[in-house]
Amino acid sequence: MTKSIYDQLNAYGTVAKQRFVENFSGDALDTDRWSSEVVTSGTTDMSDSVNGGLDLATGTTSGGRAKIHFNNVRQYSPTGSAMILVAQRNIDANNYSEMFLANDYSSSVNAEWADIYHRPDSTNIRLQTRDGSGYNNTDTGVARHINSMAYKLELKSASCELSLDGIVKATSTSALPTAKLQPVFRNETDTTSSRSLNVTYCEAYNT
């Protein structure tokens, strides 16, 4: 029986290394695994809707931010790992939604990451890679939207790929992270209306 997206994308019997799967089900976030953070206003609660998963809601204060991460427990290789997730944004305008494999959950200027990048300063979804001293943005050619989508970030020895609904749409070969990584999901608003990012599935593994 197929139990995960990984099983569907890989040959039967292929065992992923250091792998976790999160379905974001139940009535509360699994705090044995995830740490959460709210800035100014916001919540990191399970959605009260069918298949709503986790709702990262910003609240109604400009600059409001909601985030979850592994509290800097970094289990994933910068040269051989992948993260697959299914997520949906509720409103596109004024919504900063980012889904990372990152070294530091604080998103500091010296952080290293591979980032699925939805921001108002770009018409399209972008892949951003950062090595701690510089960054590279790669346009997917796919417009930002509010539809549910399956994303895959894959870090290889000399590149990082972003796939959207199973199709590779962006590849970065510069400013690649070199430090160990963790999943980080972040949602922020720059208006006085709440913005939400619903995450219904996530898995990460070393390749």
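As shown above, the structure is provided for reference.
All chains use their own residue numbering, which begins from 1 and follows the written sequence. Local features are withheld for residues below a pLDDT of 70 in this predicted model, meaning they are given only at 70 or higher, and side-chain atom pairs are given and counted only at 80 or more; totals for whole chains, interfaces and linings count all residues. Note that water and hydrogens are dropped before the side-chain values are worked out from all heavy atoms of the structure.

**Q** Describe the overall build of the protein chain, naming the residues involved and giving the relevant values.
**A** For the protein chain, the helix and strand inventory stands at one helix and 15 strands. For 207 residues, the compact-globule formula gives about 17 Å, and the C-alpha radius of gyration of the protein chain, at 16 Å, lands near that figure. Across its three principal directions, the C-alpha atoms of the protein chain cover 45 × 40 × 30 Å. The buried label applies to any residue whose accessible area, calculated with a 1.4 Å probe on protein chains only, is under 20% of its type's maximum; exposed applies above 50%, and partly exposed to all values in between. Out of the 207 residues belonging to the protein chain, those deemed buried represent 51%. Should any heavy atoms of two residues lie within 4.5 Å, those residues are considered in contact. Long-range pairs, those at least 24 residues apart, make up 65% of the contacts in the protein chain between residues at least 6 apart in sequence. Surface exposure here means Shrake-Rupley accessible area, sampled with a 1.4 Å probe, where a residue is shielded only by the protein chains that are shown. If you sum the accessible surface of the protein chain, you get close to 9,300 Å²; carbon and sulfur atoms cover 43% of it. Where the 18 positive side-chain charges of the protein chain centre and where its 23 negative ones centre are 5 Å apart. Put simply, DSSP marks the helices as runs of H or I at least four residues long and the strands as runs of E at least two long, and each gets a number from the N terminus on. As a reference, a globule follows 2.2 Å times the number of residues to the power 0.38, and the radius of gyration itself is taken over C-alpha atoms. His residues and chain termini do not enter the charge count, which takes Lys and Arg as positive and Asp and Glu as negative. Here the site of a charge means atom NZ of a Lys, CZ of an Arg, CG of an Asp or CD of a Glu.

**Q** Any details on the nonpolar core? Residues and values, ideally.
**A** Among the buried residues, those of types Ala, Val, Leu, Ile, Met, Phe, Trp, Tyr and Cys that are joined through side-chain atoms within 4.5 Å form a nonpolar core. Residues Phe24, Leu85 and Phe185 are the most contacted members of the largest nonpolar core, which totals 36 residues. Those residues within four positions of leucine 85 in sequence are excluded, and the remaining contacts are Met99, Ile116, Met149, Ala150, Tyr151, Phe185, Tyr201 and Cys202. Of all hydrophobic cores here, the second largest spans five residues; its members include Phe100, Ala111, Trp113 and Val184.

**Q** Could you give an account of the packing of aromatic side chains, naming the residues involved and the relevant values?
**A** The pairing test for Phe, Tyr and Trp rings, Trp by its six-membered ring, is centres within 6.5 Å, and the orientation test on the planes gives stacked under 30 degrees, edge-to-face over 60, and tilted for anything in between. Per the counting criterion, the structure on display carries seven aromatic pairs. Arranged with centres 5.8 Å apart and planes meeting at 35 degrees, the rings of tryptophan 34 and phenylalanine 185 form a pair that is tilted. On the criterion of sequence distance, the pair formed by tryptophan 34 in the loop between β1 (17-22) and β2 (35-39) and phenylalanine 185 in strand β14 (residues 182-189) is long-range, its members being 151 residues apart. Grouping residues by exposure puts tryptophan 34 and phenylalanine 185 together as buried.

**Q** Please set out the side chain of asparagine 95 residue by residue, giving values where relevant.
**A** One can find asparagine 95 in strand β7 (residues 95-102). Classification of asparagine 95 as buried rests on a relative accessible area of 0%. The residues contacting asparagine 95, other than those within four sequence positions of it, are Arg89, Asn90, His118, Arg119, Pro120, Asn187, Glu188, Arg195 and Ser196.

**Q** An account of the environment of isoleucine 146 is needed here, citing residue identities and associated values.
**A** Looking at the element boundaries, isoleucine 146 is found in the loop between β10 (135-143) and β11 (149-155). Overall, the relative accessible area of 37% leaves isoleucine 146 in the partly exposed class. Spatially, the C-alpha atoms of isoleucine 146 and glutamine 88 are 5.9 Å apart, while their sequence positions differ by 58 residues.

**Q** Go over the pattern of salt bridges with me, naming the residues and quoting the values.
**A** A carboxyl oxygen of Asp or Glu within 4 Å of a side-chain nitrogen of Lys or Arg is what we treat as a salt bridge. By the definition in use, this model includes 12 salt bridges. The salt bridge partner of aspartate 121 is arginine 119, with a shortest N-O separation of 3.9 Å. Salt-bridge contacts for arginine 126 lead to aspartate 121; the nearest nitrogen and oxygen are separated by 3.4 Å. Note on arginine 126: relative accessible area 14%, which makes it buried. For aspartate 121, a relative accessible area of 52% corresponds to the exposed category. Through salt bridges with shared partners, one network takes in Arg65, Glu98, Arg119, Asp121, Arg126, Arg186 and Glu188.

**Q** Mind laying out the sheet that holds strand β5 (residues 65-69), listing which residues take part and the relevant values?
**A** With antiparallel pairing, the seven strands of this open sheet are ordered in space as β2-β5-β14-β7-β8-β9-β10. Strands with a single pairing partner mark the edges of an open sheet, and in this sheet they are β2 and β10. Shown here is a sheet whose adjacent strand axes are inclined to one another by a mean of 15 degrees, direction ignored. For two strands to count as paired, DSSP must find a minimum of two bridges between them. Pairing analysis gives eight bridges linking β7 to β14, with the strands arranged antiparallel. An axis is simply a line fitted to the C-alpha atoms; with a helix, the fit covers only the stretch in contact. Between two such axes, the angle follows the N-to-C directions and lies from 0 to 180 degrees.

**Q** I'd like to hear about the state of the cysteines, residue by residue, with values.
**A** For this text, the term disulfide refers to a pair of cysteine sulfurs within 2.5 Å. All chains considered together, the criterion is met by zero disulfides. Residue cysteine 160 stays outside any disulfide, its sulfur separated by 15 Å from that of cysteine 202, the closest cysteine. Overall, cysteine 202 belongs to the buried group, its relative accessible area being 0%.

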